[in-house]
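Each chain, written out:
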Amino acid sequence: MELNVKTLEGKDAGKVSLSDAIFGLDPREDIIARVVRWQLAKKRAGGHKTKTRSEVSRTGAKMYKQKGTGRARHHSARAPQFRGGGRAHGPVVRSHEHDLPKKVRALALRHALSAKLKSEDLIIVDQLVSADAKTKALVGTFATLGLTNVLVIDGAEIDSNFKLAAANIPNVDVLPVQGINVYDILRRGKLVLSKAAVEALEERFK
């Protein structure tokens, strides 16, 4: 399929042919959801923890004699049922990461790209180059294209001026093509790809 190419100023810059194997799939929500869950699980710190009865700082002496009190038998005041005692079955430091086949991750990326094209939220620009590292100028440029919430993907290397200018704009993410991922594609309203990014993606999914 063919898609119009624009410049950053909003002018027409010809057309580009997009691969149906990458941009023409019928999006499957289940595959995309699996990869989003995998990505978010990897991001979780897993550093939350509570102290168990062996870790709380409290006396280790027996609370009262074993027999003759008429009360239940107890040994340590560190037991979970007492105030100041340790937590039973509390969270421990761990990794939330789980495995997901590479083929599923690659397929989900293609489905996410296809979903953006199907919803008409994909824009192709000829190149992402800024003459100056001026945020105000780039905000005006995005306004002409109607971009307020956007993920911008360039080729292997991003123009330094463009990257600096976009750094302080809210709801705008700029990534090289090797950093493209399903979660970032979905969390932004629009997806902007440079021609270099399109070529790199088609080379990647040959």
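About the cut-offs
- Residues numbered from 1 in each chain as written.
- Predicted model: local features only at pLDDT ≥ 70, side-chain atom pairs only at ≥ 80, totals over all residues.
- Heavy atoms only, no water.
- UniProt positions renumbered as here; feature names shortened; annotations may be inferred.
- Pairing = 2+ DSSP bridges.
- Helix = DSSP H or I, 4+ residues; strand = E, 2+ residues; numbered from the N terminus.
- Axes fitted to C-alpha atoms, helices over the stretch in contact; angles between N-to-C directions.
- Contact = heavy atoms within 4.5 Å.

Per an unreviewed UniProt entry, the protein chain goes by the name Large ribosomal subunit protein uL4 and belongs to Rhizobium halophytocola. Quoted verbatim from the Subunit (unreviewed entry) field of the UniProt record, the comment on the protein chain reads "Part of the 50S ribosomal subunit." One UniProt comment on the protein chain, placed under Sequence similarities (unreviewed entry), says "Belongs to the universal ribosomal protein uL4 family."

Asks: Lay out the sheet that holds strand E6 (residues 190–194) in plain terms, naming residues and giving numbers.
Replies: The sheet built from 6 strands is open, its strands ordered E2-E1-E3-E6-E4-E5 with mixed pairing. Of all the strands in the sheet, the pair left with one neighbour each is strand E2 (12–17) and strand E5 (172–176). Looking at each pair of strands side by side, their axes are set apart by 30° on average, direction ignored. Alignment of strand E4 (residues 150–154) against E5, held across 5 bridges, turns out to be parallel. Looking at the pairing, Ile153 lines up with Leu175 of E5. Against the sheet, helix H7 (residues 195–204) contacts strand E1 (2–6), E2, strand E3 (122–125), E4 and E6, and its axis sits at roughly 85° relative to E6.

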